[in-house]
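If you want the building blocks of each chain, they are given just below.
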Amino acid sequence: MTGVGGPCPACGETTVAGASFCEACGAELGDEAHGLPDAAGAPCVSCGAPADHQSDGYCLECGHKQPTARDDLHLVSGRIAGATHRGRRHHRNEDAMAFADAGDHLVMVICDGVSTTDSADRASQAAADAALATLVDQLSQGGDAEQALQEATATAQGAVLCISNGSAERANPSCTLVAVVASPGDGGGTAVTVGWLGDSRAYWLGETPEQLTRDHSVAAELVAAGEVSEAEARRHPRAASITRWIGADAVDPQAQVERFQFADQGRVLVCSDGLWSYAPDVAELRGRPELARPGRLDQAAGLVAFANESGGHDNITVVIGSLAPEPEAGSDPPRPS
Amino acid sequence: MADFAAEVFQNEYLSQGSDVVDAVVTVTATGGRGAGAPTGETVEVIVIDTSGSMAGDRGRKIVAAREATKAAIDTIRDGVLFAVVGGTQQARIVYPSTVGLARADAETRLAAKQAVDKVRAKGGTAIGSWLLAVAKLLEAAPGAMAHAILLTDGKNESESDANLQTAIEYCMGRFQCDARGLGTDWKVDELRRVASALLGTVDIVPDPDELEAEFRALTRSAMGREARVSLRLWTPKGSQLEFVRQVSPSLEDLTPMGNPAGELVTDYPLGAWSGDESRDYHLRVRIPVGDVGDERLAARVMLVVDDAEQPAALVRAVWTDDEGLSTRINAEVAHYTGQAELADAIHEGLVARDQGDERTATVKLGRAVQLAHEAGNHDTVRLLQAVVDVEDPEAGTVRLKREVKDADAMALDVRSTRTVRIKKGRS
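Starting afresh in each chain, residues are numbered from 1 along the sequence in its written order. A letter from A marks each chain and a number from 1 marks each ligand, given out in the order of writing. Selection of residues for local features in this predicted model requires a pLDDT of at least 70, selection of side-chain atom pairs for listing and counting requires 80 or more, and totals for whole chains, interfaces and linings are taken over all residues. Each side-chain value is worked out from all heavy atoms of the structure, with water and hydrogens disregarded.

For helices the rule is a DSSP run of H or I covering at least 4 residues; for strands it is a run of E covering at least 2, with both sets numbered from the N terminus onward. Of the regular secondary structure elements, chain A holds eight helices and 15 strands. A total of 337 residues make up chain A; the buried ones form 55% of that total. The contact rule is simple, with two residues in contact once any of their heavy atoms fall within 4.5 Å. A separation of at least 24 residues holds for 62% of the contacts in chain A among residues at least 6 apart in sequence. For every accessible area listed, the method is Shrake-Rupley and the probe measures 1.4 Å; residues are considered covered only by the protein chains on display. Only carbon and sulfur atoms are counted for the fraction: they give 49% of the accessible area of chain A, which is about 13800 Å². Partly exposed describes any residue whose relative accessible area lies between the buried limit of under 20% and the exposed limit of over 50%, with all areas from a 1.4 Å probe on protein chains only and scaled to the type maximum.

Shown next, in the form of structure tokens:
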């Protein structure tokens with residue numbers, strides 16, 4: 001397992017990029033161990049009051065919440081790069097990404113917290129971290145990808161339940177999940193196994209681009225039932241409502257799992273609806289000029305910027321990985337601070 | 001010492017352009033010593049009306065006041081400093097006969113009770129002078145946790161209202177005072193002013209026979225207090241604290257009682273607490289508007305317990321264009337907004353009734369019945385039923401009763417600010 005996370009402060013093992021807990025010993029990791037940039041120590045972004053006039057992440061003069069590392073985060077793990085952003089209309093980033101280039105496999109997970117629920121930001125991070133840890137563990141022991149994805153969903157569900165406070169008065173934290181395992185396939189191709197709940201998506205961007213997931217949403221189900229056209233479905237008042245998710249009140253937290261075989265070593269793109277709502281069609285997405293950039297981190301960050309320029313109405317997360325090395329091998333773009 | 005905690009209930013989501021943030025803060029003390037025993041001195045002063053009217057009702061009132069005072073003295077813990085004041089057009093120190101306060105033990109309690117037995121009813125009523133006498137006594141114990149019980153059966157007619165107001169203001173922050181009115185010849189507004197400013201309660205004791213139990217309960221409660229608490233509020237630059245009020249166990253507006261405690265920080269005294277109680281506060285802050293996607297702190301709520309600041313609870317504001325979030329009603333805020341409306345409806349209804357405006361009285365008291373019924377204020381519904389005949393509590397349809405006992409109307413008035421807590425277990 002590889003990742004850009006620093007060593008665990010408790011046991012010294014290498015940690016997974018963006019993880020909240022050490023996989024080896026279970027210790028809680030601070031932002032330092034993540035290798036995340038530390039936003040503290042800067043003057044208030046709103047009124048410019050000095051950094052020592054801040055408490056609990058808020059300015060103690062104007063009250064403005066100070067940016068956190070998760071508001072705008074770029075991470076790289078081997079052949080995978082990801083970017084996540086708060087967007088322009090939400091007060092915090094409730095999307096979470098977790099991924100690892102494990103050598104034999106690429107494992108990529110995105111969870112999108114349901115913003116009408118409590119602690120959706122914590123739920124999505126916990127779910128993504130738990131799912132990644134399970135996948136890496138199972139696959140390293142030679143486990144089957146499909147089986148591993150089901151188990152990963154179960155541990156993600158467990159992690160979110162731990163955040164639920166058991167209070168009936170507030171909405172239980174919940175989130176979507178999309179997890180992808182990409183492994184070398186027959187004849188130099190790529191075997192992709194995808195598991196998902198909700199409307200976060202995975203795309204295959206190879207010779208023949210394809211959307212690998214089918215949204216668990218009211219709109220998608222109306223279309224699938226043949227009742228309405230896609231355009232009509234989008235106008236449905238609850239079009240964007242998801243029909244499956246992870247959380248204490250999830251009706252069916254079993255992931256839908258699909259296997260794909262591709263003859264080439266194309267890219268897998270995983271994203272939250274913060275991106276795809278601005279390019280819902282696979283052809284449209286594939287045609288984005290950002291995807292023609294040389295480095296995967298540039299591509300992911302470029303698509304995040306595109307979504308923000310288009311309105312940034314939601315949190316945006318894009319993760320791109322491929323079994324093929326980066327085009328300019330050995331020259332990973334520097335991680336922005 | 002007891003552990004104190006503050007918990008915030010609010011809908012932090014605001015629609016674009018909104019600038020008003022409401023929150024209910026529940027402050028809870030747990031794990032106290034139970035028996036009280038604060039680190040510093042404790043003072044208990046009992047002030048009883050000894051004016052001529054107390055000789056009325058064939059002497060029952062003054063006899064009851066004496067017995068109640070003796071019961072209170074017996075309830076005072078060993079080591080507590082105490083005194084008894086008799087009030088007429090001026091205050092007279094009944095006990096101790098020496099200057100200052102007595103320290104409670106078997107001997108001083110006995111001497112005090114003997115002095116109380118000699119109290120006679122004669123003279124006028126000047127409540128302000130009684131309060132100032134308590135403040136004077138307290139000079140012997142600076143910094144002590146001080147509590148007074150004040151009993152009157154009449155109106156404050158031997159001094160000007162300005163004198164009373166001046167005395168109340170002088171005494172604020174010096175001691176807490178629970179005020180009790182005996183019978184029906186006293187004014188609710190006068191005693192409410194005293195009790196509100198001095199962080200105490202006000203109530204009617206209609207029958208002299210009930211006085212002894214009341215005094216014993218008040219003293220026992222005072223002896224159980226062990227920590228002085230303030231609510232310390234930080235609000236952002238450019239904001240305005242519209243109000244901060246206690247909403248449970250009763251409504252008390254704390255807004256005018258704030259003391260500046262630094263830039264953007266104000267302290268609101270909450271009085272002395274036992275180690276095992278819980279109260280709710282409703283605050284409303286108007287803050288500079290943010291953009292959609294902005295998050296701001298609308299208030300930091302800290303507790304200052306015996307001069308030590310406790311960790312903060314946060315009141316947040318998040319601007320969103322998701323109406324599903326911004327239109328959510330926070331149950332706690334809605335409940336206590338309703339409780340405040342209930343108290344207003346009762347007060348306005350009773351004023352209209354006194355002025356002979358039956359139409360307004362019927363509408364207001366009907367609304368009060370409806371609100372009390374909805375919120376589950378069963379005690380308030382019962383008090384209202386002494387003043388109106390309820391036809392339909394859900395619709396708030398009532399008829400004014402023709403014959404209403406003064407004591408019942410006064411009990412409704414004085415207890416209209418008592419609230420119930422939100423019904424838990426709703427979905």
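After presenting the structure, the write-up continues.
Below, the discussion takes up the sheet that holds strand E9 (residues 190-197) of chain A. Residue and element names in this part refer to chain A. Spatially, five strands are ordered E5-E6-E8-E9-E13 in an open sheet, and the strand pairing comes out antiparallel. The sheet terminates laterally at strand E5 (95-101) and strand E13 (256-262), the two strands that pair on one side only. Strand-to-strand twist in this sheet, taken as the mean axis angle between neighbours without regard to direction, amounts to 10 degrees. In this description, strands pair whenever DSSP reports at least two bridges between them. Two strands pair when backbone bridges link them, and strand E6 (residues 106-112) and strand E8 (residues 177-184) are joined in this way by five bridges, in the antiparallel orientation. What sits directly across from Val109, in E8, is Ala179. Sheet contacts for helix H2 (residues 120-140): E5, E6 and E8; angle to E6, the most-contacted strand, approximately 160 degrees. Only the contacting stretch of a helix is used when fitting its axis, a line to C-alpha atoms as for every element, and angles between N-to-C directions run 0 to 180 degrees. Of the strands in this sheet, E8, E9 and E13 touch helix H3 (residues 145-163), which is tilted by about 30 degrees from E9.

Turning our eyes to something else, we now look at the nonpolar core. All names here are of chain B. One finds Val43, Val45, Leu131 and Phe175 to be the most contacted residues of the largest nonpolar core, which totals 59 residues. Look past the residues within four positions of Val43 in its chain and what remains in contact with it is Val80, Leu81, Leu101, Leu138, Ala141, Ala144, Met145, Ala146 and His147. Judged by nonpolar contacts, the second largest core, of 32 residues, contains Ala23, Ala29, Leu254 and Tyr281. The set of buried Ala, Val, Leu, Ile, Met, Phe, Trp, Tyr and Cys residues whose side-chain atoms join them within 4.5 Å is what this entry labels a nonpolar core.

What follows is about the packing of aromatic side chains. For any pair of aromatic rings, the description rests on two quantities: the centre-to-centre distance and the angle between the ring planes. Each pair of aromatic rings taken from Phe, Tyr and Trp, with Trp reduced to its six-membered ring, is defined by centres within 6.5 Å and is described as stacked if the planes are under 30 degrees apart, edge-to-face if over 60, and tilted in the remaining cases. The final tally for this structure, using the stated rule, is four aromatic pairs over all chains. With a centroid separation of 4.0 Å and an interplanar angle of 5 degrees, the aromatic rings of Trp204 of chain A and Phe262 of chain A are classed as stacked. Linking Trp204 of chain A in strand E10 (residues 201-205) with Phe262 of chain A in strand E13, this pair joins segments that are 58 residues apart in sequence. Phe262 of chain A shares its class with Trp204 of chain A; the two are buried. Between Phe260 of chain A and Phe262 of chain A, the ring centres sit 6.1 Å apart and the planes meet at 10 degrees, which makes this aromatic pair stacked. The buried category is assigned to Phe260 of chain A, whose relative accessible area is 15%. Three or more aromatic residues link up through ring pairs in this structure, and these residues are Trp204, Phe260 and Phe262 of chain A. Only when the NZ of Lys or the CZ of Arg is both within 6 Å of the ring centre and within 35 degrees of the ring normal is a charge said to sit over the ring. Positioned above the aromatic ring of Trp276 of chain A, the side-chain terminus of Arg201 of chain A is 3.5 Å from the ring centre. The ring of Trp273 of chain B has Arg279 of chain B lying over it, and the distance from NZ or CZ to the ring centre is 4.1 Å.

Here the focus is the side chain of Asn330 of chain B. Residue and element names in this part refer to chain B. Inspection of the secondary structure assignment puts Asn330 in the loop between helix H7 (323-326) and helix H8 (331-354). By the criterion applied in these results, polar contacts are pairs of N or O atoms within 3.5 Å in which, for protein atoms, one can donate a hydrogen and the other can accept it, and in which residues neighboring in sequence qualify only through two side-chain atoms. A polar contact is formed between the side chain of Asn330 and the backbone nitrogen of Glu332, at a distance of 3.0 Å. At a separation of 2.9 Å, a polar atom in the side chain of Asn330 contacts the main-chain amide nitrogen of Val333. Discounting chain neighbours no more than four positions away, the residues touching Asn330 are Phe9, Gln10 and Asn11.

All right, on to the interface of chain B and chain A then. Counting from both sides, the interface comprises 28 residues of chain B and, opposite them, 23 residues of chain A. Here's the idea: put two parts together, see how much 1.4 Å probe accessible area each one loses, and the total over both is what we call buried area. Between chain B and chain A lies a buried interface of about 2000 Å² when both sides are counted; carbon and sulfur atoms form 42% of it. For this analysis, a salt bridge means a side-chain nitrogen from Lys or Arg found within 4 Å of a carboxyl oxygen belonging to Asp or Glu. Taken together, the links from chain B to chain A amount to three salt bridges. Arg300 of chain B serves as the salt-bridge partner of Asp56 of chain A, at 3.2 Å between the closest nitrogen and oxygen.

In short, shape yes, function no, at least from these values alone.
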